[in-house]
Number of protein chains: 6
Amino acid sequence: MPSTSKFARESFVTMTEFVLPNDTNTLNNLMGGRLMHWMDIASAISAQKHSNRIVVTASVDNVSFKKPIQLGNVVTLNAQVTRAFNSSMEVAIEVWAEDIPSGKRIESHRAFFTFVAVDQLGRPIDVPELVPETDEEKELFEGALRRRQLRLVLAKRMAPEDAKELKSIFNLP
Amino acid sequence: MPSTSKFARESFVTMTEFVLPNDTNTLNNLMGGRLMHWMDIASAISAQKHSNRIVVTASVDNVSFKKPIQLGNVVTLNAQVTRAFNSSMEVAIEVWAEDIPSGKRIESHRAFFTFVAVDQLGRPIDVPELVPETDEEKELFEGALRRRQLRLVLAKRMAPEDAKELKSIFNLP
Amino acid sequence: MPSTSKFARESFVTMTEFVLPNDTNTLNNLMGGRLMHWMDIASAISAQKHSNRIVVTASVDNVSFKKPIQLGNVVTLNAQVTRAFNSSMEVAIEVWAEDIPSGKRIESHRAFFTFVAVDQLGRPIDVPELVPETDEEKELFEGALRRRQLRLVLAKRMAPEDAKELKSIFNLP
Amino acid sequence: MPSTSKFARESFVTMTEFVLPNDTNTLNNLMGGRLMHWMDIASAISAQKHSNRIVVTASVDNVSFKKPIQLGNVVTLNAQVTRAFNSSMEVAIEVWAEDIPSGKRIESHRAFFTFVAVDQLGRPIDVPELVPETDEEKELFEGALRRRQLRLVLAKRMAPEDAKELKSIFNLP
Amino acid sequence: MPSTSKFARESFVTMTEFVLPNDTNTLNNLMGGRLMHWMDIASAISAQKHSNRIVVTASVDNVSFKKPIQLGNVVTLNAQVTRAFNSSMEVAIEVWAEDIPSGKRIESHRAFFTFVAVDQLGRPIDVPELVPETDEEKELFEGALRRRQLRLVLAKRMAPEDAKELKSIFNLP
Amino acid sequence: MPSTSKFARESFVTMTEFVLPNDTNTLNNLMGGRLMHWMDIASAISAQKHSNRIVVTASVDNVSFKKPIQLGNVVTLNAQVTRAFNSSMEVAIEVWAEDIPSGKRIESHRAFFTFVAVDQLGRPIDVPELVPETDEEKELFEGALRRRQLRLVLAKRMAPEDAKELKSIFNLP
């Protein structure tokens, strides 16, 4: 492994937040935008750890919110870089919530954020390669290519017919 | 048009925000998570206007952040419902920023949020159908079906081969 | 119209805010000071648009709060410059609130903020003249002189007997 | 003095605030709206002390901002009720700022807020009479009538010709 | 081990915070009060995990701030319950900061917070006993008694001569 | 008294805060960390007044929270420097809360914060000596030495046997 590569686990970050009144809507549920704000901060710190650079959010993949998270719940966010591409990094982030007094745990879900490492003038700069070790890290590393193609197709920066990896989701040749 | 339908334009919402120090990172750029927080609020108000109900965020489609927005910039967010499906609504949201003293305008981009209308107990409840009028509203109305299939496929709640509309992006039969 | 003038409508700004728990008092009503904070931001952006300058708040005219605005209401603020005087601008701001689920609309009211355009060192700098077009804009333009005299009299910077326009409110010679 | 009256000094409140980055504009000056938010809180506490009731902001008189207050300054707000009218109270509030390291003090100015005392259902409820003691308290007590007439005239709830006290500012019969 | 006891490690909590402009003073250093706010939240979550109850802060032991933490630093807080006494729990909290781009790590320090578990009416309620496993957990468990005596002596709720454990710091009989 | 000394009363600061929803936990009680944040700001302003310097928090002594403070209460914080030691100052801070509508006053308690005065580069710099005048100020001045020794012993920067003043709490030779 070359000196310019780092292990996936070196970028691991855990963040814990307590849901306060101003984070909630009129049903006392955590607002989706507030949760995305926390996800952005946790995954930015993870990308910073991998790159030792200032990072800027480049994109967020589809996020779906399954069950409502309530006022007073404790939210845990675990972020880790899945793969690096030149100056950009994909971060996988797992979120779950707990109502500690009742012991109820709100089902987790996963999202992907992409960051670009920049220098002091805001210009993109190369980051170390990422080396996955566990089976889960390897699977996330493989899938990162497919997700990247989907992002490029959706942003109209890649022709769908060139997105070889992506086509595999549709079981197409 | 039946009494349980509303025009797209009735759900139009404009929100203006001033980028303050706490909204920015160490490069004085607006943080992606903060912008998503504003997008969530603006589009939730739009979905409220269409449904006259409390709404909860169900999902956010891929968002990509093109150019950095700076401290002191004025951010404008325009949200409008594109289509209703039973209890859920897709909202299109356009965002752009201006540095008013210099007259510089930061390129706009568009995102899609989905909301579910709920009653006081948080249970999903049907909303009026949406009637598009302009060409742009009609195009967004048509595309909503395709984006919905992509969301379902990505959330593993629809088999890719059943996503007829979605396949059209890949020019496949 | 000389090149250094702009139309009133070019300074129009709409801002939408959602009333969150921390914006309210123990009766769940929006606090007056929080509303004034929003009014200041919306009208400052309007004055920035007219002048393309950094602006600082110079004064706020009498504001009266008619009906309470509740937690969960959506507040809309519409601001537009009414008239420019050398380096200062008067902005009229209309505010109303809606309880969207119940369809109840809280009666609007109007306030006037005055801003001074400044350069990077904070020194006052001239702004374009304002050209009113509609009847309402013309009426606001005319009234601006009277309101300015009231401000100067109240700040003890003009003798009441010199406030010719102002006397007209009291139907005096 | 009847049991339902209180001295002006019993409602005295001092509040101290430190100007933080998010309170300032791009010139590092305290934003006018943020200062009004603090003025509203300090004067509401003063009106609460006089009435021992929940209070709601009814109006704010003309406020003019003389010199800019800077990031890092310490702002002091002194509020005291000047006079009570049935369920409403006028509060005078003095504000000044200091740059403590340099010993520079930013010139003080005074504003007037009016509050209404309400019961748990938000209905207006009578408050004790206010008894001024010092010369300054007596002058503020006298002036309160004139300022009240100006508020009513400006809100179009009193005909200018009936505002006897107010006319005295214009030296008119 | 009886059913009403839990291991120390079951209460472990990690929290990560990014130092934003409003968290800092005029030297761009994290304010001590802001850090204590985070320490209180992290240790309260730890005490909640041990007790499965709502908890209220009872006391904070001496905290000393060694080196300044800067704007843009990432702060990590690790909290774990050290010992339970009837309805109260002592939590040890370790804090350190990193300037990730430069790789500089700001020396860690440790503080102790005490919480009381309460029922829905706010009355104290017993919590499980804590079972330490590692050497460090055992040392913290032992020291908790001494720290508790110091708290009681300082709060004048225990005579110094009765504080047997505490005297050991002074090497006295 | 030499020119480089100041009276204790010159550093007196009063701060008033209104407990808002986001300051409270799920029992509607003010969170301990939020209160410590306010205590830090009030006592920092007091230390600034004594030293006419930027100050940084060096330590906080044991704080115990007696009775819960509720949503809607008014919190008053009175801070004053007790003694100066070269570049550091000890500040005593008294806190109490009132539920103004019911006239209930929540018992006061006292805490001690220590600050270091620094120059623009963050280096410690000497401050004026403090001169106590009243009996209470003199008692606080005397006790400051004992509290300082306790801080140094707890931070393991002084051997317990050298803490002569401190031993007096334990009535030891």
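That block above? That's the structure.
As the structure is a prediction and not an experimental result, all values here were calculated from the model.

(A) Representation of the interface of chain A and chain C within the structure. Contact residues are listed per partner, giving five residues for chain A and four residues for chain C. Buried surface at the junction of chain A and chain C, summed over both partners, amounts to about 420 Å²; 70% is from carbon and sulfur atoms. Our enumeration of links across chain A and chain C arrives at zero salt bridges. In this assembly, chain A and chain C are joined by one residue pair in polar contact (both at pLDDT 80 or more). Among the residues making up the side of chain A that touches chain C, the classes are represented as two nonpolar, three polar and no charged.

(B) Spotlight on the interface of chain C and chain D. Every contact between the two is made by 39 residues of chain C and, on the other side, 39 residues of chain D. Surface buried jointly by chain C and chain D totals about 3,100 Å² across both partners, of which 68% is contributed by carbon and sulfur atoms. Summed over the shared surface of chain C and chain D, the result is zero salt bridges. Put simply, chain C and chain D have seven residue pairs in polar contact (both at pLDDT 80 or more) between them. Of all the secondary structure elements, the ones that give two or more residues to the side of chain C that touches chain D are α1 (32-51), β3 (54-60), β4 (63-64), β7 (104-118) and α2 (135-154) of chain C. Considering every element that reaches the side of chain C that touches chain D, the biggest residue donor is β3 of chain C, with seven residues. Its residues placed into classes, the side of chain C that touches chain D shows 20 nonpolar, 13 polar and six charged. Of the pairings in the sheet, the one linking β4 of chain C to strand β3 (residues 54-60) of chain D comprises two bridges and is antiparallel in character. Counterpart to S64 of chain C in the pairing with β3 of chain D is S59 of chain D.

(C) Focus on α2 of chain C. Residue and element names in this part refer to chain C. Counted at 1.5 Å a residue, the expected span for α2 with its 20 residues is 28 Å, and the 29 Å between its end C-alpha atoms agrees. Along its length, α2 reaches its greatest deviation from straightness, about 30°, at A144. Regarding α2, the residues found buried are E137, L140, F141, G143, A144, R147, Q149, L150, R151, L152 and V153. Positioned one or two residues after α2, K156 has a phi angle of 60°, which is positive.

Reading the values: rules and limits
Residues numbered from 1 in each chain as written. Chains lettered and ligands numbered in written order. Predicted model: local features only at pLDDT ≥ 70, side-chain atom pairs only at ≥ 80, totals over all residues. Heavy atoms only, no water. Contact = heavy atoms within 4.5 Å. Buried area = accessible area lost by both parts, 1.4 Å probe. Salt bridge = Lys/Arg side-chain N within 4 Å of Asp/Glu carboxyl O. Polar contact = N/O pair within 3.5 Å; in protein donor to acceptor, adjacent residues only side chain to side chain. Nonpolar A, V, L, I, M, F, W, Y, C, P; charged D, E, K, R; others polar. Helix = DSSP H or I, 4+ residues; strand = E, 2+ residues; numbered from the N terminus. Pairing = 2+ DSSP bridges. Expected span 1.5 Å × (residues − 1). Bend = angle between axes of the 7 residues up to and from the residue. Buried < 20%, exposed > 50% of the residue type's maximum accessible area, 1.4 Å probe, protein only.

Nothing here speaks to function; it is all geometry.
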